[in-house]
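Overview (structure and organization)
Listed below, chain by chain, are the residues.
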2 protein chains.
Amino acid sequence: MNLDQTDRSILYLVQKENRTELSTGDIAEQVGVSSSTVSNRLRRLRESGIIVDYKPEIDYEKAGIPHHVLFVCTAPIGDLKRVATDALNTPNVVNVRELLSGTRNLLVEVVGVQTTDVERVAEDLDALGIDIETSEIVREEYSRPLGHFGSQLSGE
Amino acid sequence: MNLDQTDRSILYLVQKENRTELSTGDIAEQVGVSSSTVSNRLRRLRESGIIVDYKPEIDYEKAGIPHHVLFVCTAPIGDLKRVATDALNTPNVVNVRELLSGTRNLLVEVVGVQTTDVERVAEDLDALGIDIETSEIVREEYSRPLGHFGSQLSGE
DNA sequence: GCTGAAAACTTAATAAG
DNA sequence: CTTATTAAGTTTTCAGC
């Protein structure tokens, strides 16, 4: 699917603003098309898989889940896909990333109420044949929209 | 703020399902309260900062942005907060994570249309006093809702 | 492809328990 | 705290361009 500047502007805005507080009318006003067009474009972006979905960002600490750890791991390359899926299905694991690298090729993000939750995940990953190289405490995370999508918007 | 089982179930469902395709009525049905209650709970969860906001997950490759790299970096600990903010404001940077560690304490996620986009970010980070230890190509990323929130839902 | 208008749907505010 | 009702707002559909 080829994106035109209307698609790119819409993508920029839905990344920049909280989606639930940004109506198609609001987007339409800033992009300079009708709200029906925004609705159609957003549907096409979803259907083509460019917008995968909308996820809430959870502040785990405020939610009473104080432990937040990133395991930097090495998994056998041939098994990486399977092992990544298994890791994701381990309780308390919230995110897994595959990296294209011989070692340190899997990042596993874990949250938990108790330190024992995190320790149990470490054991489970070990049982899956995943080597934990290092474990890091996550302090803070920040995201930003990609400016590339918004370059033609007035005022941007 | 203390979460009860209703809050946890709602949190689980909004993580699990695409938020824009899940109305408060749908949630209400599964949790066993009225849609007004779901609406009230969701507002409280947002106001208390537990739900930070709803972000679209973008498939950069499908969007015509083929390069996706994770820089594993070391930044001076005293400056970490400032440096993380500066890194986030660098064009083509979409995500920054601070880790609680002496070295390799900053993960910077970069996307770009050209390899030169990524190279330019590497130079910009260097100019900010950030050491790039390794750079990894991101193949795939998977997320999962935290089961802890959903343990009391029927059928889960 | 786009738009405006109508229909369908969703959320938030209210009143009451 | 909860819920049902209702008003306000939003999204989608559709005929016409």
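Residues numbered from 1 in each chain as written. Chains lettered and ligands numbered in written order. Predicted model: local features only at pLDDT ≥ 70, side-chain atom pairs only at ≥ 80, totals over all residues. Heavy atoms only, no water.

Remarks on the UniProt feature "domain: HTH asnC-type" (unreviewed entry) in chain A
Those residues carrying the UniProt feature "domain: HTH asnC-type" (unreviewed entry) are residues 3-66 of chain A in this numbering. Spanning residues 3-66 of chain A, this segment combines 52% helix with 12% strand, and its end C-alpha atoms are found 41 Å apart. (UniProt positions renumbered as here; feature names shortened; annotations may be inferred. Helix = DSSP H or I, 4+ residues; strand = E, 2+ residues; numbered from the N terminus.)

Describing the sheet that holds strand S3 (residues 93-100) of chain A
Within a beta sheet, neighbouring strands are joined by backbone hydrogen bonds and run either parallel or antiparallel to one another. Reading around the barrel, the eight strands line up as S2(A)-S4(A)-S3(A)-S5(B)-S2(B)-S4(B)-S3(B)-S5(A) and close back on themselves, with antiparallel pairing between neighbours. For this sheet the average axis-to-axis angle between neighbouring strands, irrespective of direction, equals 35°. For strand S2 (residues 67-74) of chain A and strand S4 (residues 106-112) of chain A, the ladder comprises seven bridges, and the chain directions are antiparallel. Within the sheet, the bridge partner assigned to Leu70(A) lies in S4(A) and is Glu109(A). The strands touched by helix H4 (residues 80-88) of chain A within the sheet are S3 and S4 of chain A together with strand S5 (131-143) of chain B, with S3(A) carrying the most contacts at an inclination of about 165°. Sitting on the sheet, helix H5 (residues 115-127) of chain B is in contact with strand S2 (67-74), strand S3 (93-100), strand S4 (106-112) and S5 of chain B, with an inclination near 15° to S2(B). (Pairing = 2+ DSSP bridges. Axes fitted to C-alpha atoms, helices over the stretch in contact; angles between N-to-C directions. Contact = heavy atoms within 4.5 Å.)

Looking at the interface of chain B and chain A
Contact with chain B, which involves 59 residues of that partner, is made by 59 residues of chain A. With both chains or domains summed, chain B and chain A bury close to 5900 Å², and 55% of this area falls on carbon and sulfur atoms. It is Arg97(B), Tyr142(B) and Arg144(B) in chain B that bury the most area against chain A; as a group they hold 13% of the surface buried on that side. Counting across the chain B and chain A interface gives eight salt bridges. Of the charged contacts, one joins Arg97(B) and Glu109(A) as a salt bridge, the two residues approaching to 2.8 Å between their closest N and O atoms. The residue inventory of the side of chain B that touches chain A, partitioned by class, reads 30 nonpolar, 11 polar and 18 charged. (Buried area = accessible area lost by both parts, 1.4 Å probe. Salt bridge = Lys/Arg side-chain N within 4 Å of Asp/Glu carboxyl O. Nonpolar A, V, L, I, M, F, W, Y, C, P; charged D, E, K, R; others polar.)

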